[in-house]
Amino acid sequence: MAQFVDWDLAAATAGALSKSGPRVSYAEATDVVGDLRRLTDEAAGHVADYTGLRAQVAHPPVRVVDRRDWAATNIAGLREVITPLVSRLSGDKQPGALTEAIGSRLTGVQAGTVLAYLSGRVLGQYEVFSADPGQLLLVAPNIVEVERKLGADPRDFRLWVCLHEVTHRTQFTAVPWMRAYFLSEVQAFVDASSSGSEHLVERLRRGVATLSDAVRDPESRTSVLDIVQTPAQRAVLDRLTALMTLLEGHAEFVMDGVGPQVIPSVERIRASFNRRREAGNPLEKAIRRLLGVDVKMRQYAEGRKFVHGVVERVGMEGFNSIFNSPLTLPRLSELGDPDAWVARVHGPAGTIPAAG
């Protein structure tokens, strides 16, 4: 089977380069883990009450992880998705000995470098690649580090983070088709290459290399989106962008809706965290741009504005019809025009279509 990435080397590289995080005693670490698990359960109740969405499939309990565990979990998930895709596209043709020996190991080091960097930035994640329906990860060292830097109340900040991540879990468990749809779009993006499998694999390698180079060279001006070359791939990317903007905006909307009711210091946390998002040294800013973090920051604002606009027009129940099927998801052009989505999905009479 063709080997695109030496995944074992990627995991070893990420583990070696990941920083350990802030200093905490064993007792403090134990308290943080227990607190995050409890607050996740509390957040789940708040999210369900506010959104009206209920899990339709069983999900595993939250995993509170350190930076190395987060990187290892994501490597395992990427391995599950990318390996069969590359194998199918290459027709299971074995690469040459030199490509196998050097190419996959080089890409493994590069992938591990990128994930090591990200492991120090991510607070939480609903990871969907490695398991069905997915798993909720909270990165304890990063949460503690950020709450200390912001001078935030630990209980308030942790619940604030949990509200966001539990909303993502709700999106994938209250909408059972969501994970399969997302994975199918990822596969469609790969399939949309018209340049042949060998060229595709090389573009994927260049994409990973671009990210890895940015970690070392803040002056780099290339973008990972340079690997997107075909009109078909851009069409898929538009759909994925619309989906991710919706999911991120929905999570932000729920945080802002629930937060003032249950988090006394939420306004201070939001203001401080927004300043943190916008700040950063030149290296961090370059990496954020290349990794799409800047795009994600815009997704937070644009998606939240769209969700607010729809809820304002048709209420929460009317908004939830957005999850009826892939056909009721917003198009990219509708994200800036809630009226267009309402007219297309609800019709002039404002009726809510039945779930399919």
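Residues numbered from 1 in each chain as written. Predicted model: local features only at pLDDT ≥ 70, side-chain atom pairs only at ≥ 80, totals over all residues. Heavy atoms only, no water.

1. Some words on the sheet that holds strand β1 (residues 63–65)
Rules: A pair of strands is treated as paired once DSSP finds two or more bridges between them. By definition, any uninterrupted DSSP run of H or I lasting at least four residues is a helix, any uninterrupted run of E lasting at least two residues is a strand, and each is numbered from the N terminus. For helices, the axis comes from a line fit to the C-alpha atoms of the stretch in contact; other axes are also lines fit to C-alpha atoms, and the angle between any two N-to-C directions lies between 0 and 180 degrees.
Taking strand neighbours across the sheet as the criterion, the three strands line up as β1-β3-β2 in an open arrangement whose pairing is mixed. Sheet topology places β1 and β2 (124–127) at the edges, where each strand pairs with a single neighbour. For this sheet, the mean angle separating the axes of adjacent strands, direction not counted, is 25 degrees. The pairing of β1 with strand β3 (residues 135–139) spans three bridges and is classified as parallel. By the bridge assignment, valine 65 is partnered in β3 with valine 139.

2. A few points about the nonpolar core
To keep it simple, the criterion reads: Here, nonpolar core means buried Ala, Val, Leu, Ile, Met, Phe, Trp, Tyr and Cys residues that are tied together by side-chain atoms lying within 4.5 Å of each other. Throughout, exposure labels follow a simple rule: accessible area from a 1.4 Å probe, protein chains only, divided by the maximum for the residue type, with under 20% read as buried, over 50% as exposed, and the rest as partly exposed. Domain start and stop positions are those given by an automatic or database domain assignment. For this analysis, residues touch if any pair of their heavy atoms sits within 4.5 Å.
If you look at the biggest cluster of nonpolar residues, it comprises 63 residues, and the most contacted ones within it are Phe157, Trp160, Phe319 and Phe323. Looking at this core, the element that brings in the most residues is helix α9 (residues 231–262), giving 11 residues. In terms of domain composition, this core takes at least three residues from each of domain 1 (1–174) and domain 2 (176–351). Ignoring any residue separated from it by four or fewer positions in sequence, one finds tryptophan 160 in contact with Met255, Ile263, Val266, Ile269, Arg270 and Phe273.

3. Comments concerning the pattern of salt bridges
Short version of the rule: Whenever a carboxyl oxygen of Asp or Glu lies within 4 Å of a side-chain nitrogen of Lys or Arg, that contact is scored as a salt bridge.
Under the defined criterion, the tally for this structure stands at 18 salt bridges. Note that glutamate 145 is salt-bridged to arginine 67, the shortest N-O span being 3.0 Å. Taken together, the residues span a long stretch of sequence, with glutamate 145 in helix α5 (residues 140–150) and arginine 67 in helix α3 (residues 67–89) at a distance of 78 residues. A relative accessible area of 22% places glutamate 145 in the partly exposed class. The exposure class of arginine 67 is buried, given its relative accessible area of 6%. Notably, a salt bridge pairs aspartate 156 with arginine 155, separated by 3.0 Å at the nearest N-O pair. Under the relative-accessibility criterion, arginine 155 is labelled partly exposed at 28%.

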